[in-house]
Amino acid sequence: MVQSFEIAVFEGDGIGPEITAPTIRILEALTNGQDDYQLAFTMAPAGAALYAATGEALPSASMETARRADAILLAAMGLPSVRYKDGTEISPQLDLRIELDLFAGVRPVRVVPGQPTPLKLSGGQTIDFVLIRESTEGLFHSKGKGEVTRDEARETLLITRKTSEKLFRFAFDYAQQRMALGTGKGRVTCVDKANVFRAFAFFREIFDGVAKDYSQLTADHAYVDATALWMVEKPWLFDVLVTENMFGDILSDLGAGIMGGLGLAPSADIGHKHAVFQPCHGSAPDIAGKGLANPFAMILSAAMMLDWLGTKHNIEQMISDGALLRDAVYKVVANGSVLTRDLGGTSSTETAADAVLEEITAKA
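Residues numbered from 1 in each chain as written. Predicted model: local features only at pLDDT ≥ 70, side-chain atom pairs only at ≥ 80, totals over all residues. Heavy atoms only, no water.

Q: Hey, could you run me through the overall build of the chain in this one?
A: If you tally the helices and strands in the chain, you get eleven helices and twelve strands. Taken against the 2.2 N^0.38 rule, which gives 21 Å for 364 residues, the C-alpha radius of gyration of the chain at 20 Å falls within 12% of a compact globule. Projected onto its principal axes, the C-alpha coordinates of the chain cover approximately 55 × 50 × 45 Å. Taken over 364 residues, the chain has a buried fraction of 51%. (Helix = DSSP H or I, 4+ residues; strand = E, 2+ residues; numbered from the N terminus. Rg over C-alpha atoms; globule rule 2.2 N^0.38 Å. Buried < 20%, exposed > 50% of the residue type's maximum accessible area, 1.4 Å probe, protein only.)

Q: Mind showing me how you'd approach the packing of helix α1 (residues 16–31) against helix α9 (residues 296–313) here?
A: For any two helices packed against each other, the geometry comes down to the angle between their axes and how far apart the axes lie. Between α1 and α9, whose axes approach to 9 Å, the crossing angle comes to 40°. One element, α1, and the other, α9, form an angle in the oblique class. Crossing geometry of α1 relative to α9 is assigned as right-handed. Together, Ile19, Thr20, Thr23, Ile26, Leu27 and Leu30 of α1 and Met298, Ile299, Ala302, Met305 and Leu306 of α9 make up the contact between the two elements. Its residues placed into classes, the contact of α1 with α9 shows nine nonpolar, two polar and no charged. (Axes fitted to C-alpha atoms, helices over the stretch in contact; angles between N-to-C directions. Parallel < 35°, antiparallel > 145°, perpendicular 65-115°, else oblique. Left-handed = near helix turned anticlockwise from the far one by under 90°. Contact = heavy atoms within 4.5 Å. Nonpolar A, V, L, I, M, F, W, Y, C, P; charged D, E, K, R; others polar.)

Q: Explanation requested: the nonpolar core in the structure shown.
A: One recurring pattern in soluble globular proteins: nonpolar side chains tend to sit buried together. With 93 residues, the main nonpolar core has Ile132, Phe296, Leu325 and Val356 as its most contacted residues. It is α9 that contributes the most residues to this core, eleven residues altogether. Residues in contact with leucine 325, not counting those within four places in the same chain, are Ile26, Leu27, Leu30, Ile299, Ala302, Ala303, Leu306, Val356 and Ile360. Met63, Ile72, Leu100 and Leu102 belong to the second-largest nonpolar core, a separate cluster that totals 15 residues. (Core = buried A, V, L, I, M, F, W, Y, C linked by side-chain atoms within 4.5 Å.)

Q: How should I be thinking about the pairing of strand β3 (residues 71–76) in this particular structure?
A: Look at any regular strand and the pattern is simple: side chains alternate between the two faces of the sheet. For β3, the buried fraction is high: six of the six residues fall into the buried class. Looking at chain direction, strand β1 (residues 3–12) and β3 are connected through five bridges and run parallel. Bridge pairing links phenylalanine 10 to leucine 74 in β3. The sheet contact formed by β3 and strand β12 (residues 275–279) spans two bridges and is parallel. In the strand pairing of β12, leucine 73 is matched with phenylalanine 277. (Pairing = 2+ DSSP bridges.)

Q: What is the right way to read unusual backbone geometry from this model?
A: As a rule of thumb, non-glycine residues mostly have phi less than zero, and peptide bonds are mostly trans rather than cis. Unusually for a residue other than glycine, alanine 284 sits at a positive phi of about 45°. The topology assignment puts alanine 284 in the loop between β12 and α9. Judged by its relative accessible area of 23%, alanine 284 falls in the partly exposed class. Even without a glycine there, the phi angle at asparagine 314 is positive, about 55°. Position of asparagine 314 among the secondary structure elements: in the loop between α9 and α10 (316–335).

Q: How should I be thinking about the packing of helix α5 (residues 161–181) against helix α6 (residues 198–211) in this particular structure?
A: Packing of α5 against α6 leaves a shortest axis separation of 9 Å and a crossing angle of 50°. Judged by the inter-axis angle, α5 sits oblique to α6. In this structure, α5 crosses over α6, and the sense of that crossing is right-handed. Contact residues: Arg161, Ser164, Glu165, Leu167, Phe168, Arg169 and Phe172 in α5; Phe202, Phe203, Glu205, Ile206, Phe207, Val210 and Ala211 in α6. Class assignment of the residues belonging to the contact of α5 with α6 gives a composition of nine nonpolar, one polar and four charged.

Q: What is the right way to look at the side chain of lysine 193 in this model?
A: Mapping lysine 193 onto the fold places it in the loop between β8 (187–192) and α6. For lysine 193, a relative accessible area of 17% corresponds to the buried category. With sequence-adjacent residues up to four places away left out, lysine 193 is seen in contact with Phe200, Tyr223, Val224, Asp225 and Phe247.

Q: Where do I start with the pattern of salt bridges in this structure?
A: Should their charged atoms come close, side chains of opposite charge can pair. In the structure shown here, the tally under the stated rule is 21 salt bridges. Note that glutamate 152 and arginine 154 form a salt bridge whose closest N and O atoms lie 2.7 Å from each other. Taking relative accessible area as the criterion, glutamate 152 reaches 40% and is therefore assigned partly exposed. What you see here is one network of salt bridges that share partners, running through Arg25, Glu350 and Asp354. (Salt bridge = Lys/Arg side-chain N within 4 Å of Asp/Glu carboxyl O.)

Q: How should the environment of proline 59 be read in this particular structure?
A: Tracing the backbone through its elements, the reader meets proline 59 in the loop between α2 (48–54) and α3 (60–68). Along the sequence, proline 59 and valine 148 sit 89 residues apart, while their C-alpha atoms lie 29 Å from each other.

Okay, structure coming up:
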């Protein structure tokens, strides 16, 4: 019996629609004629342009679509020129994380042989680690609620035991999965600033408590500033890093830089019931409508979606298709003949996506 899954699709702003269309086209081609599963896509309007036109950034109908869906595929949201009255940008993706309790932000960092990177890998090392970022608390807790007076401004960092325990168990379970697949070292590193802030000492204490339930794995700690250094000097040593929201936001962009840019940086925000899959980059309004956007991060995010759904529902074909899609992107990147402008090439969005589809078709 074929299982059908509803995918809520948020095209969003800027280049969002341009990278969404070829991604859906690739997913439809990948699943065409499948005996194990099918995907049905439901469009959900949201974003800064919608807010500018209607006064609503995330309509209730779109929120309901997200709640009902089996997974959420989100392109990019926000426009620098469209802001709330307090000066902050329109960011419905953050609202989704809070409303759906998507506490674990998963940010893979992968560099395969032949892939362009600003790092000099003289030893031929392969970089393959995952940054797991808490996505609902931390310094983002007071988003839109910070206190501002004429002479000072305050934002509040929040770390709770309940959310941190969920986050750490997710990280250790993720490390176990990676080790079972042969892609991980069975190591989880808590990234914090416990030498300065009591909140992070509390964060570390919770981590150590959860680690006792995973004696088969290695658990260790690193300060965030040292981690930033080591991500540049020796990133091949990492396996799974777990950290607070703001630290994760910054380090994930550093990870994207290691991979050659945000155009190769996929992500997922995952909770117990729901999950959003989206590229780490923004809406890039300066190149919107020009056919220059890099679709690879969006396609890689779709691969993460297939893997998550397949694992959750025990559908091996879905997991296999996720790996096929991911490997196709990296093969195109390593080949180097079909790259978009941000990666040093001249190919259009559609041409780059077509190259991925050709790789998939050749392997099918």
